[in-house]
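Spelled out, the chains give:
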Amino acid sequence: MLLARRLIVKIGSALLVDADTGEICGPWLDSLVADVVRFFSRGQQVIIVTSGAVALGSRQFDGLGRPLRIDEKQTAAAIGQVRLMLAYEQSLRAHGLAAGQMLLTNEDIYNHQRRRNTWSTLQQLHNVGAVPIINENDTIATAEICFGDNDQLAARIAQMVNADVLVLLSNVDGLFTDDPHHNPLARLVTEVRCITPEIEAMAGHSHARYSSGGMVTKLMAAKTTMDAGCGMIIARGNEPYPLAAIENGAPSTSFFPLVKRRGASDT
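Predicted model only: the values in this text are computed from it and were never measured. (Residues numbered from 1 in each chain as written. Predicted model: local features only at pLDDT ≥ 70, side-chain atom pairs only at ≥ 80, totals over all residues. Heavy atoms only, no water.)

What to know about the overall build of the chain
Right, on to step 1. For the chain, the count of helices and strands is 10 helices and eight strands.
Right, on to step 2. Relative to the globule expectation of 18 Å for 267 residues, the C-alpha radius of gyration of the chain, 17 Å, shows essentially globular dimensions.
Right, on to step 3. The principal-axis extent of the C-alpha atoms belonging to the chain is close to 45 × 45 × 40 Å.
Right, on to step 4. Out of the 267 residues in the chain, the part that is buried amounts to 52%.
Right, on to step 5. Residue pairs at least 24 apart in sequence account for 75% of intrachain contacts in the chain once pairs closer than 6 positions are excluded. (Helix = DSSP H or I, 4+ residues; strand = E, 2+ residues; numbered from the N terminus. Rg over C-alpha atoms; globule rule 2.2 N^0.38 Å. Buried < 20%, exposed > 50% of the residue type's maximum accessible area, 1.4 Å probe, protein only. Contact = heavy atoms within 4.5 Å.)

What follows is the structure, given as structure tokens:
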């Protein structure tokens, strides 16, 4: 699947941000960028959907002793987004590529004109040799316009741009028959061709401090991508060069598209 023409790679906060220090995991990010650069050299298009802004900015609120309010999370996102993009920009610049930031809400996907504008910008970024780095616009997002987590955002982007495959990098190897954190007998499901009630029952919840998603949201993303004719992969991402690891046969779960893809202009 990773030889596909157009890929979406979703990066979670738990992979990017050290849970103890609250800082970017620089060497890991550099290894991921090296993977992306290698794909670019093969003529592939790569779009990164990244979390991490709230996690990076929340250090400003240390000592409150309570969960952050919505306005505090939005403030954390505003602070952390600057640090997040700086890390991506520096890592990509070392390889001669630019980073193109795009902050989106639901309205940018579901409003016809804004969706066309988003798609046009993504195309132009690729044309000028820049890697699109997409995050939800947490500074203004409300319950009415937010995606809720970047698994859903990544799936909608994959649907919108007629992607061939969406890669969700996680802190587990893929979908298991049961929660592997609690059941050592849980088995990895390597292929899924239909989201059945039995598959849905396998989903657990996130165990990572900074992660807002879990296997439930990943299966929701799989439904969206499979219905749009896009494949999806869930794989462990917390080792260096995670995309190369998938290509070299690392454990993962592959979800296969149910239908032939539509053109991006048809979404």
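Digging into unusual backbone geometry
Right, on to step 1. Located in the positive-phi region is Asn 162, a residue other than glycine, with phi close to 60 degrees.
Right, on to step 2. Among the secondary structure elements, Asn 162 is positioned in the loop between α7 (150-160) and β5 (165-170).
Right, on to step 3. You will see that Tyr 241, though not glycine, has its phi angle at about 50 degrees, which is positive.
Right, on to step 4. Looking at where Tyr 241 falls in the secondary structure, it is placed in the loop between β7 (231-236) and α10 (242-247).
Right, on to step 5. Of the residues examined, Tyr 241 reaches a relative accessible area of 44% and is grouped as partly exposed.

Describing the packing of helix α2 (residues 26-41) against helix α4 (residues 70-93)
Right, on to step 1. Contact geometry for α2 and α4: axes closest at 9 Å, N-to-C directions at 55 degrees. When the axis of α2 is compared with that of α4, the two are oblique. In the packing of α2 onto α4, the handedness of the crossing is right-handed. Residues Leu 29, Asp 30 and Val 33 of α2 form the contact with α4, whose participating residues are Ala 87, Tyr 88, Ser 91 and Leu 92.
Right, on to step 2. Looking at side-chain class alone, the contact of α2 with α4 contains five nonpolar, one polar and one charged residues. (Axes fitted to C-alpha atoms, helices over the stretch in contact; angles between N-to-C directions. Parallel < 35°, antiparallel > 145°, perpendicular 65-115°, else oblique. Left-handed = near helix turned anticlockwise from the far one by under 90°. Nonpolar A, V, L, I, M, F, W, Y, C, P; charged D, E, K, R; others polar.)

Structural notes on the environment of Val 216
Right, on to step 1. In this fold, Val 216 is placed in helix α9 (residues 215-227).
Right, on to step 2. On the basis of relative accessibility, which here comes to 36%, the residue Val 216 falls in the partly exposed class.

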